[in-house]
Amino acid sequence: MHELSIIASLFEILEAKAQEQKAAKVVLVKLKVGKLAGVVPEFLQTAFDIYKDGTIAREAVLEIEEVPLKLKCRQCQAVVEKDDFIFVCPACGSTDLECLEGMELLLEKLDLEV
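### A few points about the overall build of the protein
Scanning the protein from terminus to terminus reveals 2 helices and 6 strands. Computed over its C-alpha atoms, the radius of gyration of the protein comes to 18 Å, more than 25% above the 13 Å expected for a compact globule of 114 residues. Seen along its three principal axes, the alpha-carbon backbone of the protein occupies a region of about 55 × 25 × 15 Å. Counting across all 114 residues of the protein, residues that qualify as buried make up 31%. Within the protein, contacts between residues at least 6 apart in sequence are counted, and of these 70% link residues at least 24 apart. Surface accessibility of the protein: about 6900 Å² in total, with carbon and sulfur atoms responsible for 50%. Between the averaged position of the 13 positive side-chain charges in the protein and that of its 21 negative side-chain charges there is a distance of 4 Å.

What follows is the structure, encoded as structure tokens:
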């Protein structure tokens, strides 16, 4: 479960930002997680809930925005959102696709309380 190591790294960032802003606590953490990011949002939430005990984020809420997989066909220029991992353009059948969205793993927002 590499989600735990991701959360451990996230907490290093949270603590550094809180110290930099002289914040008393972390209130909200918002992540953007793409469908192809290689993590399970539910596991991130569980790891966050376990890890936050005894930290500056012990009362923080984690919000996870799941980003769908959006692809662009390099042959016909069609842009499609996919729910599956079948990388074939539904318009022309090409497999020459570019990933536009869905690989994100970003700290989107951090709310601190001074």
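### Digging into the pattern of salt bridges
In this structure the tally under the stated criterion is 7 salt bridges. Glu20 serves as the salt-bridge partner of Lys17, at 3.8 Å between the closest nitrogen and oxygen. A residue pair is termed a helical-turn pair when its members lie 3 or 4 positions apart in one helix, as Lys17 and Glu20 do in helix α1 (residues 3-20) at 3 residues. Two residues, Lys30 and Glu65, come together in a salt bridge whose shortest N-O distance is 3.6 Å. Linking Lys30 in strand β1 (residues 25-34) with Glu65 in strand β2 (residues 61-67), this pair joins segments that are 35 residues apart in sequence. Assessed through its relative accessible area of 30%, Glu65 is described here as partly exposed. Look at the salt bridges and you will find they share partners, linking Lys25, Glu59 and Glu113 into a network.

### Description of unusual backbone geometry
At Lys22, a residue that is not glycine, the phi angle is positive and equals roughly 55 degrees. Note that Lys22 resides in the loop between α1 and β1. Since its relative accessible area comes to 66%, Lys22 is described here as exposed. Residues other than glycine seldom take positive phi values, yet Gln77 does so here, at roughly 70 degrees. Note that Gln77 resides in the loop between β3 (69-73) and β4 (79-82).

### Overview of the packing of aromatic side chains
This structure, assessed with the given rule, holds 2 aromatic pairs. Ring centres 5.3 Å apart and planes at 40 degrees place the aromatic pair Phe11 and Phe48 in the tilted group. In this pair, Phe11 is assigned in helix α1 and Phe48 in helix α2 (residues 41-51), connecting sequence segments 37 residues apart. Judged by relative accessible area, which is 1%, Phe11 ranks as buried. Between the aromatic rings of Phe11 and Tyr51, the centroid separation amounts to 4.8 Å while the plane-to-plane angle is 45 degrees, which identifies the pairing as tilted. Separated by 40 residues along the polypeptide, Phe11 in helix α1 and Tyr51 in helix α2 bring together distant segments of the chain. Classification of Tyr51 as partly exposed rests on a relative accessible area of 33%. Among the aromatic residues, those joined into a cluster by ring pairs are Phe11, Phe48 and Tyr51.

Rules and cut-offs
Residues numbered from 1 in each chain as written. Predicted model: local features only at pLDDT ≥ 70, side-chain atom pairs only at ≥ 80, totals over all residues. Heavy atoms only, no water. Helix = DSSP H or I, 4+ residues; strand = E, 2+ residues; numbered from the N terminus. Rg over C-alpha atoms; globule rule 2.2 N^0.38 Å. Buried < 20%, exposed > 50% of the residue type's maximum accessible area, 1.4 Å probe, protein only. Contact = heavy atoms within 4.5 Å. Areas by Shrake-Rupley, 256 points an atom, 1.4 Å probe, with all protein chains shown as cover. Lys, Arg positive; Asp, Glu negative; His and termini not counted. Charge placed at Lys NZ, Arg CZ, Asp CG, Glu CD. Salt bridge = Lys/Arg side-chain N within 4 Å of Asp/Glu carboxyl O. Phe/Tyr/Trp six-rings, centres within 6.5 Å; stacked < 30°, edge-to-face > 60°.

Bear in mind that shape data such as this cannot, by itself, settle questions of function.
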